[in-house]
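# Architecture at a glance
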Amino acid sequence: MVDEPVTLAYTEWALVELEGEQVEIGPDELRPSLVFDLEESRVSGSGGVNRLTGTFVTGEGELRFGPLGSTRMAGPEHAMELEDRFIVALGRVASFELDGGVLTLVADGESVARLSVESP
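Residues numbered from 1 in each chain as written. Predicted model: local features only at pLDDT ≥ 70, side-chain atom pairs only at ≥ 80, totals over all residues. Heavy atoms only, no water.

### Some remarks on a nonpolar patch on the surface
Selection rule: Here a patch means residues that are over 30% exposed by relative accessible area and free of salt bridges, tied together within 9 Å if like-charged and within 5 Å if nonpolar (Val, Leu, Ile, Met, Phe, Trp, Tyr). With residues, only the protein chains shown are counted as cover, and all accessible areas are computed by Shrake-Rupley using a 1.4 Å probe. Here, a salt bridge means any Lys or Arg side-chain nitrogen found within 4 Å of an Asp or Glu carboxyl oxygen. Helical segments are the DSSP runs of H or I of at least four residues, strand segments are the runs of E of at least two, and each set is numbered from the N terminus.
Taken together, the side chains of V6, L98 and V117 define a hydrophobic patch exposed on the protein surface, amounting to about 180 Å² of accessible area. The topology assignment puts V6 in the segment before β1 (13-18).

### Concerning the pattern of salt bridges
Threshold: Burial here depends on accessible area, computed with a 1.4 Å probe over protein chains only, as a share of the maximum for the residue type. Under 20% is buried, over 50% is exposed, and the range in between is partly exposed.
According to the stated counting rule, one finds 5 salt bridges in the structure shown. One salt bridge in this structure joins E17 and R114, with 3.5 Å as the shortest N-O distance. Taken together, the positions of E17 in strand β1 and R114 in strand β9 (residues 110-117) put the pair 97 residues apart, joining distant regions of the chain. On the basis of relative accessible area, E17 is assigned to the buried category, the value being 17%. The partner of E62 in a salt bridge is R64, with the nearest N and O atoms 3.4 Å apart. For E62, a relative accessible area of 32% translates into the label partly exposed. Under the relative-accessibility criterion, R64 is labelled partly exposed at 43%.

### Focus on the side chain of T104
Condition: In protein, a polar contact means a hydrogen-donor-capable atom and an acceptor-capable atom, both N or O and within 3.5 Å, with residues adjacent in sequence counting only if both atoms are side-chain atoms; elsewhere, any N or O pair within 3.5 Å suffices. Residue contacts are counted whenever heavy atoms from the two residues lie within 4.5 Å of one another.
Checked against the element boundaries, T104 lands in strand β8 (residues 102-107). Taking relative accessible area as the criterion, T104 reaches 6% and is therefore assigned buried. Side chain to side chain, T104 and R114 meet in a polar contact 2.7 Å long. Not counting residues within four places of it along the chain, the set of residues in contact with T104 comprises S95, F96, E97, S111, A113 and R114.

### Quick look at the pairing of β9
To be explicit about the condition: The pairing criterion is simple: DSSP has to find at least two bridges between the two strands.
Pairing geometry for β1 and β9, over 5 bridges, is antiparallel. Following the sheet pairing, W13 is matched in β9 by V117. The loop that links β8 with its antiparallel partner β9 comprises 2 residues; one of these, D108, has a positive phi angle of about 50°.

### Some points on the pairing of β8
Successive side chains on a regular strand alternate, one facing one side of the sheet and the next facing the other. With 5 of 6 residues buried, β8 is to be regarded as a mostly interior element. In terms of strand pairing, strand β7 (residues 95-99) meets β8 through 5 bridges, oriented antiparallel. Looking across to β8, one finds that S95 is bridged to V106. As consecutive antiparallel partners, β7 and β8 are separated by 2 residues, and within that stretch G100 has a phi angle of approximately 65°, a positive value. Bridge count between β8 and β9: 6 bridges; the pairing is antiparallel. Bridge pairing in β9 links L105 to A113.

Spelled out as structure tokens, the structure:
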């Protein structure tokens, strides 16, 4: 069986690094994640506590997120802080790099987040 190349679209990307720090997830917490729908230019996923949805623009390595909406549930303090930082970082993203199973989101020439292919 031939492995399919990983693409930005329709892949669940799980947050592993935010602003240069490894992301630690507690036992009762969910890992923030994103899924991109290129046909609809929509992104969905989880901030770790709340569901996220919004729009994005991409092309030639460029990636910019439109306004993101989310549910408004409360969760553990650590998870809420991580979610807030993740959403702020997404608002700063200007480009991306895709290297195998790693998606790097870039702002001002520096990585603001790294996501990896979600394991089943």
